[in-house]
Structure formats: C-alpha cells, structure tokens
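The primary structure of each chain is shown beneath.
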Amino acid sequence: MYKKIFDEIKKYDIIVIARHIGADPDALGAQFALKSIILSLFPDKKIYAVGNPASRFRFFGVNDKIDIDNSHNLLIVLDTPDLKRIDGANPSDFEKVIKIDHHPIVDDFGDLKVIDTDSCSTCQLILEFVFDNKIKLTKEQAEKIYLGIVGDTDRFLHDYTSPKTFALVNRLLEETNIDFTSLYKYLYKRPLSEIRFEGYIYQNLILNDSGVAYIKLTDKIMKEYGVDSAAAGNMINDLKFVNEIIVWVFFSEDVKSGLIRANIRSVGPYINEIAAKFGGGGHIYASGVKLKTWDDADALVDELDKIVNKYKES
Ligand SMILES: [Mn+2]
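Keep in mind that what you see is a predicted model, and the values were worked out from it rather than measured.

Reading the values: rules and limits
- Residues numbered from 1 in each chain as written.
- Predicted model: local features only at pLDDT ≥ 70, side-chain atom pairs only at ≥ 80, totals over all residues.
- Helix = DSSP H or I, 4+ residues; strand = E, 2+ residues; numbered from the N terminus.
- Rg over C-alpha atoms; globule rule 2.2 N^0.38 Å.
- Buried ≥ 20, exposed ≤ 12 C-beta atoms within 10 Å, placed from the backbone.
- Contact = placed C-beta atoms within 7 Å.
- Domains from an automatic or database assignment.
- Nonpolar A, V, L, I, M, F, W, Y, C, P; charged D, E, K, R; others polar.
- Pairing = 2+ DSSP bridges.
- Axes fitted to C-alpha atoms, helices over the stretch in contact; angles between N-to-C directions.

Quick look at the overall build of the protein
Helix and strand counts for the protein come out as 10 helices and 11 strands. In terms of overall size, the protein behaves like a compact globule, its C-alpha atoms giving a radius of gyration of 20 Å where 314 residues would be expected to give roughly 20 Å. Taking the principal axes of the C-alpha coordinates as reference, the protein spans close to 60 × 45 × 40 Å. Relative to its 314 residues, the protein shows a buried fraction of 40%. Counted over contacts in the protein with a minimum sequence separation of 6, partners at least 24 positions apart contribute 62%.

Written as structure tokens, this is what we have:
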C-alpha cells in the first residue's frame, strides 16, 4: 500500500496534507515531515500543510492557509479517524484522498488508506512509508518523526509501543544520526503557570470508591492560573501510575465553543464505547468527548463508575 500511495503522490502537482483539530506532536510531526519529504523529492510540487496553527508546538512548522480549487488535487489526511475533526480540508472537495491513521475507524473515507491500530502513532506509519519506498530522510524530517512518536507513546511508555516501534526508531536514529536527547525541550518545556495548575489538579482531584477519579476545571479556575482549556489535556497521562485510580477524567470548560471537554483515560476497562455513547471517541484506554453541560459530565462519571465496578467484579 505504501508503494501505491507513493505512486499517487508522484502523480499530483498540488497536494494538501491535513490532520486533526487540536494538533498534537504526532499529527504535526507526520504532517510537516511528509510535506518536507515530498518537497525534497519533488521540489516543483505545491504542498500545503493545512489546519489551525498550534502555538505550543511551533518547532514542527508553520501551517499554510489556502483558498484554491481542489477538484483536481490530492488530499492526504493524517492521524484523523473522523471527517468532522479534519482541520482545514474537506475530502469531498478533492479528486483523490489518502488516509493514514492509527485510530480505530470512525468514518470510512479515502480512496487509498493505511489504518493500523497496532501502530503507536501516525509518525510510525510515515516511517514505514519512508523505508518501504527507500526514501532518504534529512535530519530535520527525522527529528519531526521522532518527536511525533515520542509524543504519542509518551516516551515509549504506552502499551502500543511495540518491538516494531523500537526497530523503526532504531533504524531512524542509525541512518540519520539525529541528536535526539536535545529535542525533548520542544515537547516538554512549559511555563510555571502550568506546573502550578497541575498542582491544583492533584490537590483537588475527586476519587470515587469505584476507582474513578475526576476534576472539573472551570473557565474561572483556568483563568486564575493563566492556562487555556487545552492545558489539562497535556497533563492527563501523568496519572497513569496512581495506585487508587483505574479510570480518570479531566473536564475542561471551553467558553469559546460553549462545551465541556472531557479527557478520559483508563488502566482497566475499555472506555471508548462509553465515550462514543456521549458523542466522542478515541482509543480503548484514551478517549475524549465534548459535552454540553456539567450534568452530562456527572452522567459520564456515573457510567464510568458502573463499568469500573463491573470490571473489578470480573
Ligand atoms: Mn496520533
């Protein structure tokens, strides 16, 4: 499939590369590495990396704004399982669509696709694409792919980190010689306000008897600490190794959209079905939902209590 995808890339003069809203290092790493790879092979092509810029991760590159007719162009959608979360492009506007993703399928779109839920990240899939097609990476491309893999696996901590991940990364490091330990600052350096906010979360987290823990982060609290509604999402994985917690949720109020963002994690039962029930989705141990009211948040916690209790019985 990677060869076929490469053939399509060769055919098109104008290619748009999109990824999901709320860009993370994996989405951005895959997007900007692929843009740069195509441009180094085919300098005359026009390649646009679309989507809202992610100010936190400026290292990866600057997103392109476009206003063109795409009816004869190729769209590559990365790291995005659902149509509504594609940032800055609509597949139906394009002649051909390629999807490369590691999330379970939500919307079945794309003329050509690689969907590998065993892959730790989309950047891992980009790396497979690169090696399958015998493409030589520049240091800069390698750094972006490396940080995407590090971002999604949380430094090779999560379960879907596999021997294949290490084999591919090993080859990446050997072939490109990037100074990988110097890159972590681009992902992990953050302001003191966020550290203090993290302290607030730990101090105020509510733990139910079931082993479900949650916190409701209102707009007021986030303003007090000088953080935005995305801040909590970046901290949620750190609660993975707490004895008493099986499932945990961070609720963050987003006044701009009028919604409450729920980030859910689990070290026990699968949670993606509960997330789907509330209109969200994601991975079996890491899901997200956008809710309308705090009552919905309470209802979600109730549901999670139930599945954790059931999980403990079995
Ligand atoms: Mn990803």
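Brief notes about the domain arrangement of the protein
Put simply, an interface is often sized by how much accessible area is lost when its parts join up. Per the domain assignment, the segments of the protein are domain 1 (2-187) and domain 2 (192-313). Between the C-alpha centres of domain 1 and domain 2 there is a distance of 28 Å. Contact residues are listed per partner, giving five residues for domain 1 and four residues for domain 2. Residues of the side of domain 1 that touches domain 2, tallied by class, amount to one nonpolar, two polar and two charged.

Quick word on the environment of Glu8
Within the secondary structure layout, Glu8 lies in helix H1 (residues 2-11). The class for Glu8 is partly exposed, based on 16 C-beta atoms found within 10 Å. Sequence spacing of Glu8 and Lys96 is 88 residues, and the spatial spacing of their C-alpha atoms is 8.7 Å. Setting aside residues no more than four positions away along its own chain, Glu8 makes contact with Leu74, Lys96, Ile98 and Leu112.

Section: the sheet that holds strand E3 (residues 74-78)
Pairing in this open sheet of five strands is parallel, and the strands run E2-E1-E3-E4-E5 from one edge to the other. On the outer flanks of this sheet lie strand E2 (46-49) and strand E5 (112-115), each paired with one strand and no other. Adjacent strand axes in the sheet meet at a mean angle of 15° when their direction is disregarded. Pairing of strand E1 (residues 14-19) with E3, which is carried by five bridges, proceeds in the parallel orientation. Bridge pairing in E3 places Ile17 opposite Ile76.

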